[in-house]
Amino acid sequence: AFQRDELAAALPTYAVVAVGRDDGAEAGEMCACFYRGERFLLLASGTFWLSETPAAVGSRGWDAALPRIATWLRLRDLDSGREVLWLNTHFDHEGEEARRRSHGLLARWLGDHRDGAALVVTGDFNLPADPSPDSEQQLLLGDLLADTWTAAHGSVEPVEGTFNGFGLRPRPGRIDWILASADLHVTRASILRTRDGERWPSDHCPVTASLRFEAGD
């Protein structure tokens, strides 16, 4: 909660939706979503748990070491009138079964709740991005979403790691993704490596993507 509040104070033109994974309120890690209030109208929002019982607050799924959540927002873009369904998540760092099941859970949830909106999914997936047809990633991607880094750069680069662990250089594997549906065009995707000497602002390097609605949509 203190990280959410510090960011909110530093971003006065942004609104935020965030709850703690431990109690569904203030306790524990959050998958906070900040959005520009003058550009987007919040239509609905919520959080569910990555488990066999997604509505059960604090539930831990499958072989996960910790409770994991997904926070979502349905926004109306005031410039175009289009709706965007944005989901932010953090998959478990230990449970292989939990990560695989979480892919499927998110895919089903997005399919059930899309209702014509463009889709954006962001998060720490604790799994290197892999576009191969038999990868776990395809449970979530399929025909629903595309990896913005691959769309912008044409391939997955194994040297483009995003987890630095506060070490001197990021480890191999891009485990932080921004995914988007086909009605959003990727104009740019990047990994930010700004630091103060040897001090990183986070144990992960931020990932960014610039998206726009396809012409005519």
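For the structure given in this document, a descriptive report is provided here.

### Some points on unusual backbone geometry
Excluding glycine, residues mostly have negative phi values, and the peptide bonds linking residues are mostly trans. Even without glycine at this site, Trp62 takes up a positive phi of about 55 degrees. In this fold, Trp62 is placed in the loop between strand 3 (40–49) and strand 4 (69–77). Owing to a relative accessible area of 27%, Trp62 belongs among the partly exposed residues under this scheme. Not every positive phi belongs to a glycine, and Phe166 is a case in point at roughly 65 degrees. Along the chain, the position of Phe166 falls in the loop between helix 3 (148–153) and strand 8 (176–180).

### A short note on the packing of aromatic side chains
Counted according to the given criterion, the structure contains 4 aromatic pairs. Between the aromatic rings of Phe91 and Phe125, the centroid separation amounts to 4.8 Å while the plane-to-plane angle is 75 degrees, which identifies the pairing as edge-to-face. Taken together, the residues Phe91 in the loop between strand 5 (83–90) and helix 2 (96–113) and Phe125 in the loop between strand 6 (118–124) and strand 7 (146–147) connect sequence positions 34 residues apart. What links up through ring pairs into an aromatic cluster is the set Phe48, Trp72 and Trp109.

### A short note on the side chain of Thr71
Inspection of the secondary structure puts Thr71 in strand 4. On the basis of relative accessible area, Thr71 is assigned to the buried category, the value being 0%. Here the side chain of Thr71 touches Thr47 through a polar contact of 2.8 Å, side chain to side chain.

### Some thoughts on the nonpolar core
Counting residues in hydrophobic clusters, the biggest one holds 23 residues, and the most contacted among them are Phe48, Leu87 and Leu110. Mapped onto this core, the elements with two or more residues apiece are strand 4, strand 5, helix 2, strand 6 and strand 8. In terms of residues, this core owes the most to one element, helix 2, which gives 5 residues. Among all residues touching Leu87, those that are not within four sequence positions of it are Phe48, Ala70, Thr71, Trp72, Leu106, Trp109, Leu110, Val120, Val121 and Thr122. Ranked by size, the runner-up nonpolar core spans 12 residues in total, among them Val17, Cys33, Val120 and Phe213.

Reading the values: the criteria
- Residues numbered from 1 in each chain as written.
- Predicted model: local features only at pLDDT ≥ 70, side-chain atom pairs only at ≥ 80, totals over all residues.
- Heavy atoms only, no water.
- Helix = DSSP H or I, 4+ residues; strand = E, 2+ residues; numbered from the N terminus.
- Buried < 20%, exposed > 50% of the residue type's maximum accessible area, 1.4 Å probe, protein only.
- Phe/Tyr/Trp six-rings, centres within 6.5 Å; stacked < 30°, edge-to-face > 60°.
- Polar contact = N/O pair within 3.5 Å; in protein donor to acceptor, adjacent residues only side chain to side chain.
- Core = buried A, V, L, I, M, F, W, Y, C linked by side-chain atoms within 4.5 Å.
- Contact = heavy atoms within 4.5 Å.

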